[in-house]
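# Structure assessment
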Amino acid sequence: MKNIKGKVITVTSSKGGVGKTIFATNLAGVFDYLKKKVLLIDMDLSCGGISVLLNLEKSKTIYNLYDDILNNRFKDLNDYVYHYSDNIDIIPSCKDPRQGNKIDGKGIEQIISAYKSNYDVIILDTAHVPSVASLVSLDISDTILYIVTDNMQDLKNTASMLTILKDRKKDNIKVILNNSYRNEKNYFSRFDIKSVIKNNIDYILPNSMFIPNINKYLMDGKILVLNNKLSFKNNNDRDLLIKIGMSLIGDDNDEK
Ligand SMILES: Nc1ncnc2c1ncn2[C@@H]1O[C@H](COP(=O)(O)OP(=O)(O)O)[C@@H](O)[C@H]1O
Ligand SMILES: [Mg+2]
């Protein structure tokens, strides 16, 4: 088995409601399937939705973790993670957005470095707003997964943001065109989208991944890809997610 440790993957976008959180939880599900230990951190510190989405009891949050590290009360990593499944641990976002505002960039870096060696993969699910948490997440990640949709405003904003990110000369951005977050026909072609964002599209989540009764599954707090009864319309979609997960780990091995 390939040996990777603490690869940080940040899921981001220029627009809200484009499927980042659903994709990030599914990606965690894929790594669970691949028997990789994964830590999913909700970096949307103002109104993070993972704990709500997955019906986690919010005992401790990223704010408690930050506060305890700051005040030397931090002892055991496990005290702050929610064990969702054998391989998936989750650190929920703050209970109160005012707490989120208190967490600084250094605190976020300390949190990631404290947990890095205990996991194969750390997934950071960010808010689309350029908050401190989002910017630091982008900065410290090994791979940035940039979710775009065929919305022109989203694409234009993405083009500007990609220009800024590419200035860092890190070459670690993968663009994902999400055609699955709503059941509408795409207006723009793949060619149009590429020319607006001036970037390649690395992966496409097809419209067949749209789940009509998604609210039922969200009510139950299920990670979609882990729920066999649900599956997508066809197994190819599940296989595609697994392929994306594997290539993300493969990238890491190529670099080392
Ligand atoms: N695969 C999907 N099938 C059906 N609806 C989806 C899918 N992915 C996302 N959505 C819809 O989009 C909404 C926003 O998704 P979410 O992941 O919370 O976006 P973001 O994190 O980017 O704000 C979801 O509540 C759901 O209604
Ligand atoms: Mg979200």
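A short tour of the structure in this document, coming up.

The side chains of a regular strand alternate between the sheet's two faces. Counted residue by residue, strand S7 (residues 173-178) has five buried out of six residues, so it is predominantly covered. In this structure, strand S6 (residues 143-148) lies alongside S7, joined through five bridges in parallel fashion. When the sheet's bridge partners are listed, Leu 145 is paired in S7 with Lys 174. This β-α-β element, S6 to helix H7 (residues 152-166) to S7, shows right-handed connectivity. Strand direction decides the pairing type here: S7 and strand S8 (residues 203-205), joined by three bridges, are parallel.

A few words on the packing of helix H5 (residues 105-115) against helix H6 (residues 132-140). Interhelical geometry of H5 versus H6 gives an angle of 45° and a closest axis separation of 9 Å. Considered as vectors, H5 and H6 are oriented oblique to each other. Handedness of the H5/H6 crossing: right-handed. Contacts from Gly 105, Ile 108, Glu 109 and Ile 112 in H5 reach Val 132, Ala 133, Val 136 and Ile 140 in H6. Split into classes, the residues belonging to the contact of H5 with H6 amount to six nonpolar, one polar and one charged.

Surrounding ligand 1, one finds 13 residues, the nearest of these being Gly 17, Lys 20, Thr 21, Ile 22 and Ile 211. At 2.8 Å, a backbone N or O of Gly 17 approaches an oxygen atom of ligand 1. Between ligand 1 and Gly 19, the relevant distance is 3.0 Å, taken from an oxygen atom to a main-chain nitrogen or oxygen of the residue. When residues of the shell around ligand 1 are assigned to their parent elements, the largest contribution, three residues, is made by helix H1 (residues 20-33). Here the shell around ligand 1 is built from residues that sort into seven nonpolar, five polar and one charged.

Moving on: unusual backbone geometry. Of note in this structure, Asn 55 is not a glycine but carries a positive phi near 55°. Tracing the chain through its elements places Asn 55 in the loop between helix H2 (50-53) and helix H3 (62-70). For Asn 55, a relative accessible area of 42% translates into the label partly exposed. You will see that Asn 72, though not glycine, has its phi angle at about 55°, which is positive. Relative to the helices and strands, Asn 72 is located in the loop between H3 and strand S3 (82-83).

In this section: the sheet that holds S3. The eight strands are arranged S3-S4-S2-S5-S1-S6-S7-S8 in an open sheet whose pairing can be described as mixed. Single-partner strands in this sheet number two, and they are S3 and S8. Strand direction decides the pairing type here: strand S2 (residues 38-42) and strand S5 (residues 121-125), joined by five bridges, are parallel. Of the residues in S5, the one forming a bridge with Ile 41 is Leu 124. Taken strand by strand, H1 contacts strand S1 (7-13), S2, strand S4 (88-91), S5, S6, S7 and S8, and its axis lies near 170° from that of S5. In the packing of H7 onto the sheet, the strands contacted are S6 and S7, and the crossing angle to S6 comes to about 165°.

Rules of the game
- Residues numbered from 1 in each chain as written.
- Chains lettered and ligands numbered in written order.
- Predicted model: local features only at pLDDT ≥ 70, side-chain atom pairs only at ≥ 80, totals over all residues.
- Heavy atoms only, no water.
- Buried < 20%, exposed > 50% of the residue type's maximum accessible area, 1.4 Å probe, protein only.
- Helix = DSSP H or I, 4+ residues; strand = E, 2+ residues; numbered from the N terminus.
- Pairing = 2+ DSSP bridges.
- Right-handed = clockwise from strand over helix to strand, strands pointing away.
- Axes fitted to C-alpha atoms, helices over the stretch in contact; angles between N-to-C directions.
- Parallel < 35°, antiparallel > 145°, perpendicular 65-115°, else oblique.
- Left-handed = near helix turned anticlockwise from the far one by under 90°.
- Contact = heavy atoms within 4.5 Å.
- Nonpolar A, V, L, I, M, F, W, Y, C, P; charged D, E, K, R; others polar.
- Near = heavy atom within 4 Å.
- Polar contact = N/O pair within 3.5 Å; in protein donor to acceptor, adjacent residues only side chain to side chain.

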